[in-house]
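Single-letter residue listing:
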Amino acid sequence: MFSKETYIRRRAELKRLVGSGLILLPGNNEAPANYPANAYSPMRQDSTFLYYFGQHRDGLVGVIDIDNDEEWLLGDDIDIEDIVWMGFVPSVSDLAAEVGVSRTAPLKELKEIVNRKSVNRKSVHFLPPYRHDTKIMLMDLLGLHPGQQKEAASLPLIKAVVQMRSVKEPQEIAAIERACDVGYEMHTTAQRLIRPGVTERFVGGQVDGVARSLAQGVSFATIFSQHGEIMHGNPSGALLEAGRLALCDAGCELDDYCSDNTRTMPVSGRFTQRQLEIYSIVEQCHDYVLQVAKPGVKYADVHFAVCRLMTERLKELGLMRGDTDEAVSAGAHAMFLPHGLGHMMGMDVHDMEGLGQIYVGFDDETRPNLEQFGTNCLRMGRRLQEGFVVTDEPGIYFIPHLIDLWRKEQHCAEFLNFDLLETYKDFGGIRIEDDLLITADGCRFLGTKRIPYHPQELELFMEKKIG
C-alpha cells in the first residue's frame, strides 16, 4: 500500500476525468477451489480497486459519487467466528481511513446507496466484470444480465482508468523494479537447474517456489517447456533431453506489481550451431528495441522494425527470401513470430487487458489489424509515453502444424523456403523477454540485475563459471 495521499489524489483525478455520475469499483471475493472453505490462496484483489482504494481484504466495494463529491467503502466487519480462524482484521471504517475515505457502510446498503445516488442506470459507471460473483452483484444492482454487462460497461471510466494506470508513478516503477529483481532469482534458479534428466515440472516448480518465497507469488502460470514453439507450454513430466532447448517464461507479483521475463536455454549447456544461428537473431531483435523505443514512437512501428530486422537475418539463413518490406507487409514473418512484440505491464502482467485491449494497447489514432495472422495478436501498438512499462519479447518459433498448413495453402510461398523449413520442425522455439520502461528520451530495462541471455554469458552461467 502507498500513502493515503496517493489514493486521495488518484480518486480526485478519476472524478475529474469521468466528470459526473456514480463510479462503482467492486473488489474481489475469495474464490472457492472445490468447496467454500477451501479457497484459492492467496486471494487476488482486483487491480483497479487496489489502484484507487488500496485495500486487499475480500468483500469490499468502492463507490465514488462524483456529483456530490462523496466516497464510500462498503463491506461487512469480520466477526469473532472468522477472527478465530483467520486472525484479527481491522474494521471497514479503519480500512477506509487508511486510504482517506470518510464514509463506510455494510454491503447490504450498497443497493440503497446506488439507487439513491444515481439518476438512472446509465449514470452508474462500472468496468467490464470478469468474475461471476461480481456479475451477479451487478445484475442485482442494475438489472443487467451478465451477458449484457461487458457491452454496458462505462467507456468514460475505462478510458480514464487506462489513462491513469498506463503512466506509472515513480513509486510504481520502484515496485516493478523490485518484482524484476525477484524475476532474476526465478530465472537464474532455472538456469542453474537445467540439465538432461531433470523434469520440466521440477524446474517449473522450483521457479514457482522462488516467487512464493520472495514475493506474493507468480504473476501468471509459469511457462517452462522444451516445446518453445508452443506459446503457453505448461511444465509437463517430460525429462529434459540433451541437445534440446528449454524455454522459461515466468514472473512474480510483489507489492501488487508484476515482472515478466523469458529466457531460452540449451539443455546441454551449450548451443548447437543451428540453435545459435536462430538465437542470435532473437537476441539482436531484443536489443534493437533499446535503440528505437522512445516517447512519441508507436509501439506498432517498433514491432514492424523488429520484424524487418528478423526477416533480413532469416533471409541470410535461407529461410526467407524476396523483398523484406513486401514480405513483412504480406505477413510472411508471422510464420516465425505469430505474436506482437510486447504488451503493457504493471499491476497486471497484461496490464488492464480486462478493460479491452483496443483501449489499452490502441487508441483513436492507432487501430489494430484484426485480419492478418500474427498482426491480429499485436497487443500494444499506440504511441509510447514516458512512464509506460511494456514488454520486449521477440521470438522465433518453428510450429510444425503451421508449416504444414502454409505449405499446403502456399501462403506467402514467394517469401518462405518450405523445403528448408521442413528440416526445422524439431527445433522448438526461442523467445527473449524483458520489461521496458519508457524514459524521457528513450527506454531502459527494469531490474537491477540482468538475467543472463547473451550466448557466451549464458553458457558460462549454466556451467557455474560466473554468477
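So, a few notes on the structure that sits alongside this text. Predicted, not measured: the structure shown is a model, and the values here were computed from it.

1. Quick notes on the overall build of the protein
Stage number 1. Along the backbone of the protein there are 17 helices and 18 strands.
Stage number 2. Relative to the compact-globule value of 23 Å for 467 residues, the protein shows a C-alpha radius of gyration of 24 Å, a close match.
Stage number 3. Along the first, second and third principal axes, the C-alpha atoms of the protein reach 70 × 50 × 40 Å.
Stage number 4. Within the protein, the proportion of its 467 residues that are buried is 54%.
Stage number 5. Taking contacts inside the protein between residues at least 6 apart in sequence as the whole, the part at least 24 apart equals 73%.
Stage number 6. Counting every atom, the protein has about 20,100 Å² of accessible surface; 51% of that belongs to carbon and sulfur.
Stage number 7. Placing the 49 positive and 68 negative side-chain charges of the protein at their respective mean positions leaves the two points 1 Å apart.

2. Examining the packing of aromatic side chains
Stage number 1. Taken as a whole and judged by the stated rule, the model has nine aromatic pairs.
Stage number 2. Between Phe2 and Tyr257 the ring centres are 6.2 Å apart and the planes differ by 40°, which places this aromatic pair in the tilted class. Taken together, the positions of Phe2 in the segment before helix H1 (4-18) and Tyr257 in strand S12 (residues 257-258) put the pair 255 residues apart, joining distant regions of the chain. Considered together, Phe2 and Tyr257 belong to a single accessibility category, that of buried residues.
Stage number 3. Plain terms: the ring middles of Phe398 and Tyr424 are 4.7 Å apart, the flat faces sit at 20° to each other, and that makes the pair stacked. You can see Phe398 sitting in the loop between strand S15 (395-397) and helix H15 (400-409) and its partner Tyr424 sitting in the loop between helix H16 (418-422) and strand S16 (429-431), a full 26 residues away along the chain. Across the pair, exposure class does not vary: Phe398 and Tyr424 are buried alike.

3. Notes on the sheet that holds strand S8 (residues 217-218)
Stage number 1. Across the sheet, which stays open at both edges, the three strands sit in the order S8-S11-S12 with antiparallel pairing between neighbours. Two strands bound the open sheet, and with one partner strand each, they are S8 and S12.
Stage number 2. Bridge count for S8 against strand S11 (residues 252-254) is two bridges, and the pairing is antiparallel. For Val218, the partnering residue across the bridge sits in S11 and is Cys252.
Stage number 3. Strands in contact with helix H9 (residues 170-193) are S8, S11 and S12; relative to S11, the strand with the most contacts, it is inclined by about 140°.

4. A look at helix H10 (residues 200-214)
Stage number 1. In this model, H10 (15 residues) spans 22 Å end to end at C-alpha, consistent with the 21 Å of a helix rising 1.5 Å per residue.
Stage number 2. Glu200, Val203, Gly204, Val207, Val210 and Ala211 are the residues of H10 that are buried. Taken end-on, H10 shows its buried residues confined to a sector of 110°, consistent with a single buried face. Relative to its buried face, H10 has exposed residues pointing more than 90 degrees away, namely Arg201, Arg212 and Ser213.

5. Digging into the pattern of salt bridges
Stage number 1. Using the criterion set out here, one finds 34 salt bridges in the structure.
Stage number 2. The residue Asp351 makes a salt bridge to Arg165 at a minimum N-O spacing of 3.0 Å. Linking Asp351 in the loop between helix H13 (324-330) and helix H14 (357-360) with Arg165 in helix H8 (residues 155-166), this pair joins segments that are 186 residues apart in sequence.
Stage number 3. Linking Asp434 and Arg263 is a salt bridge whose minimum nitrogen-to-oxygen distance equals 3.0 Å. One end of the pair, Asp434, is in strand S17 (residues 434-438); the other, Arg263, is in strand S13 (residues 261-266), with 171 residues separating them in the sequence. We note that Asp434, like Arg263, is buried.
Stage number 4. It is possible to trace a salt-bridge network through shared partners that takes in Arg44, Arg165, Lys168, Glu253, Asp348 and Asp351.

6. Focus: the side chain of Asp256
Stage number 1. The residue Asp256 is located in the loop between S11 and S12 in this model.
Stage number 2. With no salt bridge to any partner, buried Asp256 finds its closest opposite charge in Arg44, at an N-O distance of 6.0 Å.
Stage number 3. With sequence-adjacent residues up to four places away left out, Asp256 is seen in contact with Leu50, His56, Gln216 and Met347.

7. Looking at the packing of helix H11 (residues 273-292) against helix H12 (residues 299-316)
Stage number 1. Where H11 meets H12, the closest approach of the two axes is 10 Å, and the angle between their N-to-C directions is 150°. Taken as axis vectors, H11 and H12 run roughly antiparallel relative to one another. The handedness of the crossing between H11 and H12 is right-handed. Counted together, Glu277, Ile278, Ser280, Ile281, Gln284, Cys285, Tyr288, Val289 and Val292 of H11 and Tyr299, Val302, Ala305, Val306, Leu309, Met310, Arg313 and Leu314 of H12 form the full contact between these two elements.
Stage number 2. In terms of residue class, the contact of H11 with H12 is built from 13 nonpolar, two polar and two charged.

Quick notes on the rules
- Residues numbered from 1 in each chain as written.
- Predicted model: local features only at pLDDT ≥ 70, side-chain atom pairs only at ≥ 80, totals over all residues.
- Heavy atoms only, no water.
- Helix = DSSP H or I, 4+ residues; strand = E, 2+ residues; numbered from the N terminus.
- Rg over C-alpha atoms; globule rule 2.2 N^0.38 Å.
- Buried < 20%, exposed > 50% of the residue type's maximum accessible area, 1.4 Å probe, protein only.
- Contact = heavy atoms within 4.5 Å.
- Areas by Shrake-Rupley, 256 points an atom, 1.4 Å probe, with all protein chains shown as cover.
- Lys, Arg positive; Asp, Glu negative; His and termini not counted.
- Charge placed at Lys NZ, Arg CZ, Asp CG, Glu CD.
- Phe/Tyr/Trp six-rings, centres within 6.5 Å; stacked < 30°, edge-to-face > 60°.
- Pairing = 2+ DSSP bridges.
- Axes fitted to C-alpha atoms, helices over the stretch in contact; angles between N-to-C directions.
- Expected span 1.5 Å × (residues − 1).
- Arc of directions from axis to C-beta.
- Salt bridge = Lys/Arg side-chain N within 4 Å of Asp/Glu carboxyl O.
- Parallel < 35°, antiparallel > 145°, perpendicular 65-115°, else oblique.
- Left-handed = near helix turned anticlockwise from the far one by under 90°.
- Nonpolar A, V, L, I, M, F, W, Y, C, P; charged D, E, K, R; others polar.

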